[in-house]
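Residue-level structure breakdown
Residue strings, one per chain:
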Amino acid sequence: MTRPRPVEDLLREFAPQVLGALVRRHGQFDACEDAVQEALLAAALRWPTEGVPDRPRAWLLTVAGRALVDAWRADSARRRREAITALDPADQPGAADDSTYGDRLDPGDADRDDTLGLLFLCCHPALSPPSQLALTLRAVGGLTTAEIAAGFLVPEATIAKRISRAKQRIRDAGARFELPAQPLPRGRLAVVMQVLYLMFNEGYTTSSGPALQRPDLTAEAIRLTRLLHRLLPDEAEVAGLLALMLLTDARRAARADATGRIVPLAEQQRELWDAAAIAEGQAILASTLGTGPIGQYQVQAAIAALHDEAPDARATDWPQILALYGVLTTVAPGPIVTLSRAVAVAHVHGPRAALDLLATLDSDERMTHTHRLEAVRAHLLEQTGDIVAARESYLQAAKMTANLPEQRYLELRAARLRQPARPPR
Amino acid sequence: MIMMFGGLGAATQDRSPEWVAGMHELMMKLDTELKESGECVASEALANPSQAKTVRFEGGAPVPTDGPFAEVKESLAGYWILEVDQDRALQIASQVVAYTEYPMEVRPIMDHSAQP
């Protein structure tokens, strides 16, 4: 995924609106999605040389509508009959400047609802998280299959199959495109936010591969979360999620050194942090906290903001962070929260208290396949001066991670403890 | 194809931090060079063998169990697939072995094209 040019930005903004309008009118998400991809491709080829049409959205709708009719014509006789009923000749899109669709598609509620409806459909609970991610990136994000494949470092054919299976599943599940009900179903909105958060994390700390982060995926997650926030400005958790992403991504430039090696938070050069992103995240958070029920994304954003506010690592307000982890443990308990809380406990009450808290995770099956428990334990053991045990933990964590820069970082930490720098207490 | 084996990990555990950092740098530099020169077709590092599972045929059905099939020190740890002649492949492997003092295997990949 390369940095999009202005035409691509425009296309990606229109992609969900055009697809939403088409699906709302004709149903058949999969056929409409193919048709919109064709229209986007045509625009990407023609607009840069011929100029952007006066009514770009109407243009895209017309071309996509034609592609849909062509696909139907090529299909079975039964499908053809449906197409003829669905598309009355008087209603057929004509010239590229046809205003039939454009007039109906006044910017406003229709776009808002179409895009929301699409997001809810792509994040359908019947789909696996990788399918939800791929489908959201293509249908709502307007990315090509090749761009998505590059983002996940997998062959294009894999993503193409994943998307077509996802569309098949949506059809099998009998899921229909529908305007989001009011009030919004909380469970479905939670899944949408989870998909966006997963997209962000996949880009921020890739679960596998040679690079520590893939900024294109995080940028896309932020763009889509911005969109969701614009559509649902009163949802406190959506605002919290956007603030969390901005406040976390702000540290990106400082997370690795020139050779690609990980730099831990405490050692990062804070002048490399993105001050504008931090300011924006803080502003969103300040205008959100207290306006709705507190949730995990708002609390995590508040924790990220406290880190970002500290001029240096020693100035970090750890007691406040520990208190926020206490809140997080009540709203969204889980082993990863306990792990992060242990780090805050170490700063406030010392490494031994933190090791006691970590011990409660030893029997947690959810932690058996992650290196994070061992990596945190290693750092804490090093702080207590138990060099031998710390080294064992670093080496164990290095064996468990599938991220190469993380593995190198852990191997190096272990190697530094080969000869104790200070005698064990 | 140049293959690295799991024993290398164990052999590096007792080295100094400078040595370990130097090895990481050598591997990253060589990998970048081979990709930039177009000689490298593919390269991957595999997760530690402790993360492996082996599927065995037991009691009339395939059964997955934890752990690698081979001894850890013989287990594949990573590879480069290069489009080079054998001399060049041996030269590249020698650069790494000169530093790590741990053996690597160099082997041709079968030709898929039908012979006339």
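Here the structure is a predicted model, which means the values were calculated and not measured. (Residues numbered from 1 in each chain as written. Chains lettered and ligands numbered in written order. Predicted model: local features only at pLDDT ≥ 70, side-chain atom pairs only at ≥ 80, totals over all residues.)

Structural notes on the overall build of chain A
Secondary structure summary: chain A contains 20 helices and zero strands in total. When each of the 425 residues of chain A is scored for burial, the buried share is 41%. Across chain A, every contact between residues at least 6 apart in sequence was considered, and the portion connecting residues at least 24 apart equals 63%. (Helix = DSSP H or I, 4+ residues; strand = E, 2+ residues; numbered from the N terminus. Buried ≥ 20, exposed ≤ 12 C-beta atoms within 10 Å, placed from the backbone. Contact = placed C-beta atoms within 7 Å.)

Quick word on the overall build of chain B
The helix and strand tally for chain B stands at three helices and six strands. Mapped in sequence order, the helices and strands of chain B form the string β-α-α-β-β-β-β-α-β. A globule of 116 residues ought to have a C-alpha radius of gyration of about 13 Å, yet chain B, at 17 Å, is considerably larger. Oriented by its inertia axes, the alpha-carbon framework of chain B measures out at about 55 × 50 × 20 Å. Split into buried and exposed, the 116 residues of chain B put 14% on the buried side. (Rg over C-alpha atoms; globule rule 2.2 N^0.38 Å.)

Overview of the pairing of strand β4 (residues 61-66) of chain B
Buried residues are scarce in β4 of chain B, accounting for zero of its six residues. The turn linking strand β3 (residues 53-58) of chain B back onto β4 of chain B is made up of two residues, and G59 of chain B within it adopts a positive phi angle of 60 degrees. (Pairing = 2+ DSSP bridges.)

Details of helix α12 (residues 236-249) of chain A
Along an α-helix, residues three or four positions apart point the same way, because every turn accommodates 3.6 residues. Over its 14 residues, α12 of chain A runs 20 Å from end to end, which matches the ideal 20 Å to within 8%, given 1.5 Å per residue. Of all 14 residues that make up α12 of chain A, 13 are buried, and the element is covered over most of its length. (Expected span 1.5 Å × (residues − 1).)

Overview of the interface of chain B and chain A
Accessible area lost upon the coming together of the parts serves often as the stated size of an interface. Each partner contributes to the interface: chain B provides 15 residues, whereas chain A provides 13 residues. The greatest single-element share of the side of chain B that touches chain A, amounting to six residues, is contributed by helix α2 (residues 17-36) of chain B. For the side of chain B that touches chain A, the per-class residue count stands at six nonpolar, six polar and three charged. (Nonpolar A, V, L, I, M, F, W, Y, C, P; charged D, E, K, R; others polar.)

Section: the nonpolar core
Core analysis: the biggest nonpolar cluster contains 112 residues, and V18, L22, V36, A39, A64 and L196 of chain A have the highest contact counts within it. Two domains share this core, each providing at least three of its residues, namely domain 1 (1-107) and domain 2 (334-425) of chain A. When sequence neighbours within four positions are dropped, the list of residues in contact with V18 of chain A reads V36, A39, R57, L60, L61 and A64 of chain A. With nine residues, the next largest nonpolar core counts I2, M4, A89 and I92 of chain B among its residues. (Core = buried A, V, L, I, M, F, W, Y, C linked by C-beta atoms within 7 Å. Domains from an automatic or database assignment.)

A short note on the environment of T145 of chain A
Residues and elements named next belong to chain A. Within the fold, T145 resides in helix α8 (residues 145-152). For T145, a count of 20 C-beta atoms within 10 Å translates into the label buried. Taking C-alpha positions, T145 is 9.9 Å from K161, a pair spaced 16 residues apart along the chain. Residues in contact with T145, not counting those within four places in the same chain, are R138, E156, I159, A160 and I163.

Here's the deal with the pairing of strand β1 (residues 2-5) of chain B
Residues and elements named next belong to chain B. The pairing of β1 with strand β5 (residues 76-82) spans four bridges and is classified as antiparallel. Along β5, the bridge assignment pairs F5 with L76. Pairing geometry for β1 and strand β6 (residues 105-106), over two bridges, is antiparallel. Paired with M3 across the bridge in β6 is E105.

What to know about unusual backbone geometry
The general pattern is negative phi for most residues beyond glycine and trans for most peptide bonds. Residues and elements named next belong to chain B. Although it is not a glycine, E101 adopts a positive phi angle of roughly 60 degrees. Within the secondary structure, E101 is located in the loop between α3 (86-100) and β6. When the 9 C-beta atoms within 10 Å are taken as the criterion, E101 is described as exposed.

What about the packing of helix α19 (residues 387-400) of chain A against helix α20 (residues 404-416) of chain A?
Residues and elements named next belong to chain A. Running from amino to carboxyl end, α19 crosses α20 at an angle of 160 degrees, the nearest separation of the two axes being 8 Å. With respect to α20, the element α19 is oriented roughly antiparallel. Crossing of α19 over α20 shows left-handed handedness. For the pair α19 and α20, the contacting residues are R391, Y394, L395, A397 and A398 in the first and Q407, L410, E411, R413 and A414 in the second. (Axes fitted to C-alpha atoms, helices over the stretch in contact; angles between N-to-C directions. Parallel < 35°, antiparallel > 145°, perpendicular 65-115°, else oblique. Left-handed = near helix turned anticlockwise from the far one by under 90°.)

Quick notes on helix α16 (residues 335-349) of chain A
Taking 1.5 Å per residue as the helical rise, α16 of chain A with its 15 residues ought to reach 21 Å, and the 20 Å between its terminal C-alpha atoms agrees with that figure. Buried within α16 of chain A we find T338, L339, R341, A342, V343, A344, V345 and A346 of chain A.

Quick word on the sheet that holds strand β2 (residues 40-45) of chain B
With antiparallel pairing, four strands are arranged side by side in an open sheet as β2-β5-β1-β6 (chain B). With one partner strand each, in any of the chains shown, β2 and β6 of chain B form the two edges of the open sheet.

Quick look at the environment of D274 of chain A
Among the structural elements, D274 of chain A can be located in the loop between α12 and α13 (275-288). Considered as a pair, D274 of chain A and D249 of chain A are 25 residues apart in the sequence and their alpha carbons are 8.3 Å apart.

Notes on the confidence of the model for chain B
On average, chain B scores 87 in pLDDT, and the residues at 70 or more come to 98%. Here the prediction assigns the complex a pTM of 0.74, and the interface score ipTM is 0.77. (pLDDT = per-residue confidence, 0-100.)

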